[in-house]
Amino acid sequence: MTATVPVQTASASYDVSIGPGLLPNLGDVLKSHAPRAKRVFVVVDSGVPAATAQPACDAIKDLGYSCEALTITPTEQAKSAESWYLILRAAAEALLDRGDLFVAIGGGIVGDLTGFAAAVYRRGVGIIQCPTTLLSMVDASVGGKTGINLGSSAGLLKNAVGAFHQPLAVVADTASLASLSPRDYRSGLAECVKHAMLSADFGDSELHTWMTHHEDQILAQDASTLTELVRRNVAVKAQVVADDERETAAGDMGRALLNLGHTFAHAIETLEGVSVEGATESCPITHGEAVALGLVCASALGEELGHVADLTDRVREQLTNLGLPTVAQGLPDSDEILARMAHDKKAEAGQIRFIVPIAEGRCRVVKDVPEDAIRAALNTIKPD
Ligand code: GLY
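Quick caveat: nothing in here was measured; it's all calculated off a predicted structure.

Participant: Please explain the pattern of salt bridges as it appears in this structure.
Facilitator: Working definition: two side chains of opposite charge can pair if their charged atoms are close together. Applying the stated rule across the entire model yields 21 salt bridges. The partner of Asp201 in a salt bridge is Arg364, and the shortest N-O contact between them spans 2.8 Å. Here the residue Asp201 occupies a position in the loop between α6 (182–196) and α7 (207–213), and Arg364 occupies one in strand β13 (residues 362–366), the gap between them amounting to 163 residues. Since its relative accessible area comes to 17%, Arg364 is described here as buried. In this structure, Arg353 engages Glu247 in a salt bridge whose closest nitrogen and oxygen atoms are separated by 3.8 Å. With a gap of 106 residues between them, Arg353 in the loop between α13 (334–347) and β12 (354–359) and Glu247 in the loop between α9 (223–243) and α10 (262–269) connect regions that are remote in the sequence. Classification of Glu247 by relative accessible area gives partly exposed; the value is 23%.

Here it is in structure tokens:
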């Protein structure tokens, strides 16, 4: 019931190990990847139960490493220069040296923060990523993107500072998913739907069909289905990253495709007062819920631009079956959403690029999108 996906990029090769019950064997992974390391600095997500994190720390100590740990509460505000500096200071206090290791146990925020600390500490030390959320297993922990948010007078700029720093290994213990709230688990499924919308160009033209046939098992978190879900999604991400590690590909392909739905999602999730249909307590929406809404918009944009037909209803159906939203409440006027998208792009000093479906399982990067088409796409997630 375990699987291994190799990741091979221009700068590094490593394995993603997937399956239930892997964290208590973390010591063996450390031994094989950093035989000369003496000290390990572990950053643990406060959302990870002690029953998940402690066996991992015990496994590290049992093999004779000195092991210090720091807990971080994972909010977008805490994904900050202050938290990053706190990790660096604590690692220095623990006398971490060049050949020593960082370990991140948690979701994407803790993985990105710790990865960025590892990228710069003593000009770069090794890190083992141990994702414990579905979102971080299938996306954030793989591919070496690390970073923090930056406050600005115009609001929080997400991932504005960071580095590419590939991990030495990724250990995805799928048993840790059982401790997520149903909402957080479902939020990770949005990234799986995203992968299924682009996977045909990256070695898996059947991901959408497989997910459709296994919706019940996915929602029930059946153990072998979870391993296969994570394995297939990581394999797609690994192929995208192998082709374009630093997102520098020219043209309409490359790692930028992983931003499918995210141009809309980043704008939606940073707006005040947006919630998902029928659940007033769901404000603020999660990143995964915003991605789900963004995928509906991206599909509708693909249709508006004439690249694809009849896809939006299909995407809506899959999201709904997986318990994800397709309609948002409390959205402001489209002018405000467009202004937020433009603000993000100004921060990147770039032109707004959208990722749109061109066929089942295939997407492309498009530029110079008419504003009317974006407005029409946004209208598809507004209540009737
Ligand atoms: N999560 C998007 C990427 O890794 O490029």
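Now, onward.
Participant: So what exactly am I meant to see when it comes to the sheet that holds strand β3 (residues 39–45) here?
Facilitator: The strands that make up a sheet pair up through hydrogen bonds in the backbone, lying either parallel or antiparallel. Spatially, β1-β2-β9-β6-β5-β3-β4 is the arrangement adopted by the seven strands of the open sheet, whose pairing is mixed. Each edge of the sheet is formed by a strand with only one pairing partner; in this case those strands are β1 (3–8) and β4 (66–72). For this sheet, the mean angle separating the axes of adjacent strands, direction not counted, is 15°. Pairing of β1 with strand β2 (residues 13–19), which is carried by six bridges, proceeds in the antiparallel orientation. If you follow Thr4 over to β2, its bridge partner there is Ser17. Across the face of the sheet, helix α1 (residues 26–33) comes into contact with β3, β5 (101–106), β6 (126–131) and β9 (169–173) while running at roughly 155° to β6. α9 contacts β1 and β2 of the sheet and is inclined by roughly 10° relative to β1.

Participant: I would appreciate a short explanation of the packing of helix α3 (residues 81–93) against helix α4 (residues 108–120) in the present structure.
Facilitator: The description of two packed helices rests on the angle between their axes and on the distance between the axes. Two elements in contact, α3 and α4, have axes separated by 9 Å at closest approach and are oriented at 55°. The angle between the axes of α3 and α4 places the two elements in the oblique class. In this structure, α3 crosses over α4, and the sense of that crossing is right-handed. Within the contact between the two elements, α3 uses Ser83, Trp84, Ile87 and Leu88 and α4 uses Leu113, Thr114, Phe116, Ala117 and Val120.

Participant: Explanation requested: helix α2 (residues 50–62) in the structure shown.
Facilitator: The α-helix advances 3.6 residues per turn, and as a result positions three or four apart in sequence lie on the same side. Over its 13 residues, α2 extends 17 Å from the first C-alpha to the last, a length consistent with the 18 Å expected when each residue adds 1.5 Å. What α2 keeps buried is the set Thr52, Ala53, Ala56, Cys57, Ala59 and Ile60. On an axial view of α2, the arc spanned by its buried residues comes to 155°, and they lie on one face. What points out from α2, more than 90 degrees from its buried face, is the exposed set Ala50, Ala51 and Asp62. The inward-facing, buried residues of α2 contact α1, β3, β4 and β5. Once α2 ends, the next one or two residues include Gly64, with phi positive near 95°.

Participant: Can you walk me through the side chain of Thr133 in this structure?
Facilitator: Examined against the element boundaries, Thr133 turns out to sit in the loop between β6 and α5 (134–140). A polar atom in the side chain of Thr133 sits 2.8 Å from the side chain of Ser136. Dropping the residues within four chain positions of it, Thr133 is found in contact with Gly106, Gly107, Gly108, Leu177 and Leu180.

Participant: How should I be thinking about the nonpolar core in this particular structure?
Facilitator: Counting 79 residues, the largest nonpolar core has Met211, Leu229 and Phe264 as the members making the most contacts within it. Broken down by element, the residue count for this core peaks at ten residues, all from helix α11 (residues 287–304). With 24 residues, the next largest nonpolar core counts Val48, Cys67, Val103 and Cys130 among its residues.

Calculation rules
- Residues numbered from 1 in each chain as written.
- Predicted model: local features only at pLDDT ≥ 70, side-chain atom pairs only at ≥ 80, totals over all residues.
- Heavy atoms only, no water.
- Salt bridge = Lys/Arg side-chain N within 4 Å of Asp/Glu carboxyl O.
- Helix = DSSP H or I, 4+ residues; strand = E, 2+ residues; numbered from the N terminus.
- Buried < 20%, exposed > 50% of the residue type's maximum accessible area, 1.4 Å probe, protein only.
- Pairing = 2+ DSSP bridges.
- Axes fitted to C-alpha atoms, helices over the stretch in contact; angles between N-to-C directions.
- Contact = heavy atoms within 4.5 Å.
- Parallel < 35°, antiparallel > 145°, perpendicular 65-115°, else oblique.
- Left-handed = near helix turned anticlockwise from the far one by under 90°.
- Expected span 1.5 Å × (residues − 1).
- Arc of directions from axis to C-beta.
- Polar contact = N/O pair within 3.5 Å; in protein donor to acceptor, adjacent residues only side chain to side chain.
- Core = buried A, V, L, I, M, F, W, Y, C linked by side-chain atoms within 4.5 Å.

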